[in-house]
Amino acid sequence: MTLNWGPVLMSVVFFIVLTPGVLFQLPGKTRVVEFGGFQTSGAAIVIHTLIFFACITVSLIALHIHIYAA
């Protein structure tokens, strides 16, 4: 029996990259896009959640990313 680690790995990577305020924040506090601000807002959380959902859907369903481990 093999386990598919693709969804787990892709979710962790996208979560780290798309956490609001770590790499970028959309919308920012003073600009549309801020980089490395380490601050967040409710609107940024909603936008980053939608971006996360879109990225994970495309990578898992459309691109068929699978990583199997024994």
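Higher on the page you've got the structure.
Just so we're clear, the structure is a prediction, and the values are computed from it rather than from any experiment.

Topic: unusual backbone geometry
Move 1: Here the bond from L26 into P27 is cis, since omega is -5 degrees, no more than 30 degrees from zero.
Move 2: Looking at where P27 falls in the secondary structure, it is placed in the loop between β2 (24-25) and β3 (34-35).
Move 3: Backbone geometry places F38, a non-glycine residue, at a positive phi of 55 degrees.
Move 4: On the secondary structure map, F38 appears in the loop between β3 and α2 (42-62).
Move 5: In this structure, H64 takes a positive phi of about 55 degrees despite not being glycine.
Move 6: Among the secondary structure elements, H64 is positioned in the loop between α2 and β4 (68-69).
Move 7: Residue class for H64 comes out exposed when judged on its relative accessible area of 53%.

Brief notes about the packing of helix α1 (residues 6-17) against α2
Move 1: Following both chains from N to C, one finds α1 and α2 inclined at 150 degrees, their axes separated by 10 Å at the closest point. Here α1 lies roughly antiparallel to α2, going by the angle between them. The element α1 and its partner α2 pack so that their crossing is right-handed. Contacts from G6, P7, M10, S11, F14 and F15 in α1 reach F52, C55, I56, S59 and L60 in α2.
Move 2: Taken together, the residues of the contact of α1 with α2 sort by class into eight nonpolar, three polar and no charged.

What counts, and at which threshold
- Residues numbered from 1 in each chain as written.
- Predicted model: local features only at pLDDT ≥ 70, side-chain atom pairs only at ≥ 80, totals over all residues.
- Heavy atoms only, no water.
- Helix = DSSP H or I, 4+ residues; strand = E, 2+ residues; numbered from the N terminus.
- Buried < 20%, exposed > 50% of the residue type's maximum accessible area, 1.4 Å probe, protein only.
- Axes fitted to C-alpha atoms, helices over the stretch in contact; angles between N-to-C directions.
- Parallel < 35°, antiparallel > 145°, perpendicular 65-115°, else oblique.
- Left-handed = near helix turned anticlockwise from the far one by under 90°.
- Contact = heavy atoms within 4.5 Å.
- Nonpolar A, V, L, I, M, F, W, Y, C, P; charged D, E, K, R; others polar.

Nothing here speaks to function; it is all geometry.
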